[in-house]
Amino acid sequence: MINYSFSIYDLEYFLLILTRVSCFVFVAPFFSMQNTPNNVKIALSFFTSVLLYQSLTPAPVVEYSTVLEYAIIIIKEAVSGLLLGFGATMCTSIVNFAGSVADMEIGLSMVTLMDPTTQNNSSITGVLYQYALMLMLIATGMYRYLFGALADSFILIPVNGAIFHGESLINTAVRFLADYVVIGFRIVLPIFCVMLLLNAVLGILAKVAPQMNMFAVGIQLKVLVGLSVIFFVASLLPYAADLIFTEMQQVIVAFVEGMT
């Protein structure tokens, strides 16, 4: 006969694991999409917590004396899960930045649409890159790395063992902002260079044939050439995704080091 009994200490320990896992799932890329049902997020958090609880047994006793101290422990676990998920999510915003720069160069900066994944207005190229990145995240199995990093965090940062080093976390955020701009411009560099050459050609034509309306001609040429460049450089998106996934790994590791 299987014994399903458990002590109150086991329940407290499981709830702390569930807190960190659920906060991670509700913030992590792909799982935090608005079109992902909340029931799926809750079920994924619960069953992942059960697996982690089984692997972390025997459960240590969480030491606290008042309800307030236990609430503080819950907040620490929630912040730990949020930081791990946020570190991965903010790396996916690089493609939105690259798409905004590309649309500004092409002349589609005013063309925005509702991104169903974030429920925010985004540029049309940014949404295209966002969906391509999510597909590559699934196809390459990057989601397994995210859950593996979450599981390893319980070894490096035990329950109620998080120590937040503000200076380290701030330095990680500052370093990411620098990489954010660099990686974004590396993604959009082919479009940027072609548009720069096209602007130079249009400037020469404006001097050679001043009777031509270069404003009307330039808008059509920029859109046509820009869309053509996006089509031809689509094969480079896996390399761009590799840059973003590498940055994602570095940010998650840096956040974990800032909490140990």
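Residues numbered from 1 in each chain as written. Predicted model: local features only at pLDDT ≥ 70, side-chain atom pairs only at ≥ 80, totals over all residues. Heavy atoms only, no water.

Participant: Describe the overall build of the protein chain, listing the residues and the values that go with them.
Facilitator: When helices and strands are tallied, the protein chain shows eight helices and two strands. Compactness check: the protein chain gives a C-alpha radius of gyration of 24 Å against a globular reference of 18 Å for 260 residues, more than 25% above the reference. Residues classed as buried in the protein chain amount to 42% of the 260 residues present. Counting contacts in the protein chain only where the partners sit at least 6 residues apart, residues at least 24 apart contribute 81% of the total. About 14300 Å² of surface is accessible on the protein chain, with carbon and sulfur atoms providing 71% of the total. Separation between the mean location of the 8 positive side-chain charges and that of the 14 negative ones in the protein chain comes to 13 Å. (Helix = DSSP H or I, 4+ residues; strand = E, 2+ residues; numbered from the N terminus. Rg over C-alpha atoms; globule rule 2.2 N^0.38 Å. Buried < 20%, exposed > 50% of the residue type's maximum accessible area, 1.4 Å probe, protein only. Contact = heavy atoms within 4.5 Å. Areas by Shrake-Rupley, 256 points an atom, 1.4 Å probe, with all protein chains shown as cover. Lys, Arg positive; Asp, Glu negative; His and termini not counted. Charge placed at Lys NZ, Arg CZ, Asp CG, Glu CD.)

Participant: Let's hear about helix 5 (residues 142-156): which residues, and what values?
Facilitator: For helix 5, spanning 15 residues, the distance from its first C-alpha to its last is 21 Å, which sits close to the expected 21 Å at 1.5 Å a residue. For helix 5, every residue scored as buried is listed here: Met142, Leu146, Phe147, Ala149, Leu150, Ser153 and Phe154. Angular distribution of buried residues about the axis of helix 5 spans 155°; they occupy a single face of the element. The exposed residues of helix 5 that point more than 90 degrees off its buried face are Arg144, Ile155 and Leu156. Where helix 5 is buried, its residues touch helix 1 (8-25), helix 2 (38-56), helix 3 (67-106), helix 4 (124-139) and helix 8 (237-257). (Expected span 1.5 Å × (residues − 1). Arc of directions from axis to C-beta.)

Participant: Which residues make up the nonpolar core, and what values go with them?
Facilitator: Soluble, globular proteins show a tendency: their nonpolar side chains are buried together. Within the largest apolar cluster, 68 residues are counted, with the highest numbers of intra-cluster contacts made by Ile17, Ile187, Ile191, Phe245, Met248 and Ile252. Mapped onto this core, the elements with two or more residues apiece are helix 1, helix 2, helix 3, helix 4, helix 5, helix 6 (166-208), helix 7 (214-232) and helix 8. Take this core: its biggest share by element is 14 residues, from helix 3. (Core = buried A, V, L, I, M, F, W, Y, C linked by side-chain atoms within 4.5 Å.)

Participant: Please set out a nonpolar patch on the surface residue by residue, giving values where relevant.
Facilitator: Among the surface-exposed residues, Ile8, Tyr9, Leu11 and Leu15 lie close enough to one another that they form a single nonpolar patch of about 360 Å² accessible area. Relative to the helices and strands, Leu15 is located in helix 1. (Patch = residues over 30% accessible without salt bridge, like charges linked within 9 Å, V, L, I, M, F, W, Y side chains within 5 Å. Salt bridge = Lys/Arg side-chain N within 4 Å of Asp/Glu carboxyl O.)

Participant: I'd love a proper account of the state of the cysteines, names of residues and values included.
Facilitator: What the rule picks out here adds up to zero disulfides. In this structure Cys23 is not part of a disulfide, and its nearest cysteine sulfur, from Cys91, lies 19 Å away. (Disulfide = S-S within 2.5 Å.)

Participant: Give a detailed account of the packing of helix 6 against helix 8, specifying residues and quantitative values.
Facilitator: Where helix 6 contacts helix 8, the two axes come as close as 10 Å, and the packing angle between them is 175°. When the axis of helix 6 is compared with that of helix 8, the two are roughly antiparallel. Across from Ser168, Leu169, Thr172, Arg175, Phe176, Asp179, Ile183, Arg186 and Ile187 in helix 6, the residues of helix 8 making contact are Ala240, Leu243, Ile244, Glu247, Gln250, Val251, Ala254 and Phe255. For the contact of helix 6 with helix 8, a count of residues per class yields 10 nonpolar, three polar and four charged. (Axes fitted to C-alpha atoms, helices over the stretch in contact; angles between N-to-C directions. Parallel < 35°, antiparallel > 145°, perpendicular 65-115°, else oblique. Nonpolar A, V, L, I, M, F, W, Y, C, P; charged D, E, K, R; others polar.)

Participant: Break down helix 6 for me, citing the residues and quoting the values.
Facilitator: Here helix 6 contains 43 residues, and its C-alpha end-to-end distance of 59 Å stays within 8% of the 63 Å for a straight helix at 1.5 Å per residue. At Val188, helix 6 shows its maximal bend, which comes to roughly 60°, and the proline Pro190 appears one to four places after that position. (Bend = angle between axes of the 7 residues up to and from the residue.)

Participant: Just give me the short version of the pattern of salt bridges, but keep the residues and values in it.
Facilitator: A full pass over the atoms with the stated rule returns three salt bridges. The salt bridge involving Asp179 is made with Arg175; its shortest N-O contact spans 2.9 Å. Here Asp179 and its partner Arg175 are both found in helix 6, four residues apart, which amounts to about one turn of the helix. When its relative accessible area of 31% is taken as the criterion, Arg175 is described as partly exposed. Ionic pairing is found between Arg175 and Glu247, a salt bridge with its closest N-O pair at 3.7 Å.

Participant: For the environment of Tyr143, give the residues involved together with the corresponding values.
Facilitator: Mapped onto the elements, Tyr143 comes out in helix 5. Residues Tyr143 and Ser153 lie 10 residues apart in sequence; the distance between their C-alpha atoms is 15 Å. Residues contacting Tyr143, with those up to four places away along its chain left out, are Phe31, Leu137 and Ile138.

Participant: Lay out the packing of aromatic side chains with the relevant residues and their values.
Facilitator: Overall, the coordinates contain 10 aromatic pairs when judged by the stated rule. Considering the side-chain rings of Phe31 and Phe147, the 5.0 Å spacing of their centres and the 90° angle between planes classify their relative orientation as edge-to-face. Of the two residues, Phe31 sits in the loop between helix 1 and helix 2 while Phe147 sits in helix 5, which places them 116 residues apart along the sequence. Phe147 matches Phe31 in its accessibility class, with the two residues each being buried. Ring centres 5.4 Å apart and planes at 80° place the aromatic pair Phe46 and Phe47 in the edge-to-face group. (Phe/Tyr/Trp six-rings, centres within 6.5 Å; stacked < 30°, edge-to-face > 60°.)

Participant: Tell me about the side chain of Glu247, and please be specific about residues and values.
Facilitator: Take Glu247: it is sitting in helix 8. What makes Glu247 buried here is its relative accessible area of 4%.

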